[in-house]
Structures are given as structure tokens and as C-alpha cells.
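Each chain is listed here by its residues.
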Amino acid sequence: MHKLLKSAAIAATTAAVAVCSLAVTAPTAAADGSRACTRDDRNRTVYVRNIYNPIHESPYASSKVVGPAWKQFTIVCSKPGHDGHRWWYGQGGTTGDTTGWIWGAYLVTP
């Protein structure tokens, strides 16, 4: 019986350590943000062609849409896309606090 309790305690401890290590190393949306950038474009504000153009979670068209861009987008940084347009990381949205990526073809520079 004592051996069974010891094995159960070891298994529970191992599971707890595994879960904690996953939580510590799990990527966040911010991790895919500025870390994916290849160029610093901080503090540039640009206009959006259509208020409904999407802001994405990652710099890929297939990634999750986190909200509409609205009228302006404040750029933090960027990375090149596969089609010649850059993906821009920053903030936009109806309240200006939606952070994510927008495709360069959706933007108009002032």
C-alpha cells in the first residue's frame, strides 16, 4: 500500500510540473507580435482603406481575425509578406486598442 501511495504522489508531482512548464512556455499573442517583426517602424499612424479591413492575430491571412481596423492604424513594426506587401503590427480598431497585424495593401500613408 505504501508503494502505491508513493507512486501516486510521484505521478501527481510529475503531472503538476508538466502542466506548469507548459503554462510558462506557452506562446502569447504578444509573442507573435513584435518578435515576428523584421523592421522597427514605431509611432507611424496610417489610414485604413476600408474600416472593415481585418486586424489579424498573426501576420498571415489564415490567422484569426481579432477585429476591424477602423480608420487609423498606429504602427509599431513590420515584416515582409510573401506577395510583396508588408504585414504591419500595431494598434487600431474602433477604440484604438486592438493590437495585431494588418496587411499592407489595406493601408494608405498620409
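Within each chain, residue numbers correspond to sequence positions counted from 1 in written order. Only residues with pLDDT of at least 70 get local features here, since the model is predicted, and only at 80 or more are side-chain atom pairs given and counted; chain-wide, interface and lining totals rely on the full set of residues. To obtain the side-chain values, all non-hydrogen atoms of the structure were included, while hydrogens and water were left out.

(A) The arrangement of the nonpolar core in detail. In these notes, a set of buried Ala, Val, Leu, Ile, Met, Phe, Trp, Tyr and Cys residues joined through side-chain atoms within 4.5 Å is what counts as a nonpolar core. Throughout this description, buried means an accessible area under 20% of the type-specific maximum (1.4 Å probe, protein chains only), exposed means over 50%, and partly exposed covers the range between. Val-46, Val-48, Ile-55, Ala-69, Phe-73, Ile-75, Trp-88, Ile-102 and Leu-107 form the largest nonpolar core, which has nine residues in total. By definition, any uninterrupted DSSP run of H or I lasting at least four residues is a helix, any uninterrupted run of E lasting at least two residues is a strand, and each is numbered from the N terminus. Mapped by element, the contributors of at least two residues to this core are strand 1 (39-48) and strand 4 (72-80). In terms of nonpolar packing, the next biggest core, distinct from the first, is built from six residues, Cys-37, Val-76, Trp-87 and Tyr-89 among them.

(B) Fine view of the pattern of salt bridges. Here, a salt bridge means any side-chain nitrogen of Lys or Arg that lies within 4 Å of a carboxyl oxygen of Asp or Glu. Applying the stated rule across the entire model yields three salt bridges. In this structure, Arg-39 and Asp-41 form a salt bridge, with 3.1 Å as the shortest nitrogen-oxygen distance. Sharing partners across several salt bridges, the network here consists of Arg-39, Asp-41 and Arg-44.

(C) Inspection of unusual backbone geometry at higher detail. At Asn-43, a residue that is not glycine, the phi angle is positive and equals roughly 65°. Tracing the backbone shows Asn-43 in strand 1. With a phi close to 75°, Trp-70 is a non-glycine residue in the positive phi region. Of note, Trp-70 is situated in the loop between strand 3 (65-68) and strand 4.

(D) Quick look at the pairing of strand 5 (residues 86-92). Among the seven residues in strand 5, six count as buried, and that is most of the element. Sheet analysis places strand 4 next to strand 5, joined by six bridges and oriented antiparallel. Looking at the pairing, Cys-77 lines up with Tyr-89 of strand 5. Should DSSP find at least two bridges between two strands, the strands are taken to pair. In sequence, strand 4 turns back onto strand 5 through a hairpin of five residues, with Gly-84 there showing a positive phi of about 100°. With six bridges connecting them, strand 5 and strand 6 (residues 98-103) associate as antiparallel partners. Its bridge partner lying in strand 6, Gly-92 is registered against Thr-98.

(E) The state of the cysteines, seen in detail. Here, two cysteine sulfur atoms that lie within 2.5 Å of each other are counted as a disulfide. For the structure shown, the criterion picks out one disulfide. In this model Cys-37 forms its disulfide with Cys-77; the gap between the sulfur atoms is 1.8 Å. Taking the sign of the torsion about the S-S bond as the criterion, the disulfide between Cys-37 and Cys-77, at about 55°, is right-handed. Here Cys-37 is found in the loop between helix 1 (2-25) and strand 1, whereas its partner Cys-77 is found in strand 4, with 40 residues between them in sequence. Note on Cys-77: relative accessible area 4%, which makes it buried.

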